[in-house]
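A closer look at the structure
Residues per chain are reported as follows:
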Amino acid sequence: MTALRCNVSDLLHHPAARRPETISIPGRELGGVAGARLSSAPLVVDVMVERIPEGIVIHGKVTAEYESECSRCLAPVREAFSVPVNEMFERLPIDGETYPLEGEEIDLELPVRDSVLLDLPTAPLCRDDCAGLCPFCGIDRNASDCTCDPNPPDPRWDALRALTFDD
Ligand SMILES: [Zn+2]
Ligand SMILES: [Zn+2]
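A brief look at the structure comes next. Computed from a prediction, not measured in an experiment: that's the story for all the values here.

One pass over the structure, following the stated rule, counts two aromatic pairs. With a centroid separation of 6.1 Å and 50° between ring planes, the pair formed by Tyr66 and Phe81 is classed as tilted. Residue Tyr66 is found in strand β6 (residues 55-69), and its partner Phe81 is found in strand β7 (residues 76-90); the two are separated by 15 residues along the sequence.

The zinc ion (ligand 1) binds to the protein through Cys70 (SG), Cys73 (SG), Cys126 (SG) and Cys130 (SG), with metal-donor distances spanning 2.3 to 2.4 Å. One can describe the donor arrangement at the zinc ion (ligand 1) as tetrahedral, given that its four donor atoms subtend angles of 108 to 113° at the metal. When the donors of the zinc ion (ligand 1) are listed by position in the chain, the intervening gaps give C-x2-C-x52-C-x3-C. Of this pair, Cys73 sits in the loop between β6 and β7 while Cys130 sits in the loop between α2 (109-119) and α3 (158-162), and the two are 57 residues apart along the sequence.

A separate point is the coordination of the zinc ion (ligand 2). In this structure, Cys134 (SG), Cys137 (SG), Cys146 (SG) and Cys148 (SG) serve as the protein donors to the zinc ion (ligand 2), at separations of 2.2 to 2.3 Å. Metal-centred angles of 107 to 113° between the four donor atoms at the zinc ion (ligand 2) mark the site as tetrahedral. One chain supplies every donor to the zinc ion (ligand 2), and in sequence these donors are spaced C-x2-C-x8-C-x1-C.

Before going further, it helps to spend a moment on unusual backbone geometry. One non-glycine residue with positive phi stands out, namely Ala16, at about 65°. Tracing the backbone through its elements, the reader meets Ala16 in the loop between α1 (9-12) and β2 (18-26). Since its relative accessible area comes to 60%, Ala16 is described here as exposed. In this model, Leu74 sits at a positive phi of 70°, which is unusual for a non-glycine residue. The residue Leu74 is located in the loop between β6 and β7 in this model.

Looking now at the pairing of β7. Of the pairings in the sheet, the one linking β6 to β7 comprises 15 bridges and is antiparallel in character. Bridge pairing in β7 places Ile56 opposite Phe89. Connecting the antiparallel pair β6 and β7 is a turn made up of six residues, with Leu74 showing a positive phi of about 70°. With two bridges joining them, β7 and strand β8 (residues 99-102) adopt parallel strand pairing. When the bridges of β8 are listed, Glu90 appears paired with Pro100.

Cut-offs used in this document
- Residues numbered from 1 in each chain as written.
- Chains lettered and ligands numbered in written order.
- Predicted model: local features only at pLDDT ≥ 70, side-chain atom pairs only at ≥ 80, totals over all residues.
- Heavy atoms only, no water.
- Phe/Tyr/Trp six-rings, centres within 6.5 Å; stacked < 30°, edge-to-face > 60°.
- Helix = DSSP H or I, 4+ residues; strand = E, 2+ residues; numbered from the N terminus.
- Donors = N, O, S within 2.8 Å, 3.2 Å for Na, K, Ca; no water.
- Tetrahedral: all angles 85-135°; square planar, octahedral: opposite > 155°, others 65-115°.
- Buried < 20%, exposed > 50% of the residue type's maximum accessible area, 1.4 Å probe, protein only.
- Pairing = 2+ DSSP bridges.

Shown next as structure tokens:
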């Protein structure tokens, strides 16, 4: 029993019936992927649930907020996003394509998880033109400049430079 389970008995008894459904859970409950996770802000599933001959279809959108770190400067990143969901639930689901209609209930957790987690950025940025951290001194180049040479000499020449030539 998950928070995104939805009873559709009313629809199953009326062919071609449809109704809107809005469910909200704390986004954190859905977890995350490497690099980004859902914040504690509400995750809102806002869909039209519709009876079709094969079962039940839902179409609408999921809105949530993710939190992560900028992949260049490590600053915290939080951003609201929204993804479309269009899925079918049937008695004999096709693996990877449709979801199970169990008794008189559908569970939106799996399709919501699939759509949302796929949409999370793997390399989030605090802003598109983030300058990142200096790879040499570690200073945040968004906040201040450093004097590091962006093209340091090839260390293979160090041994040669260390040589002194005595006449
Ligand atoms: Zn950044
Ligand atoms: Zn530097």
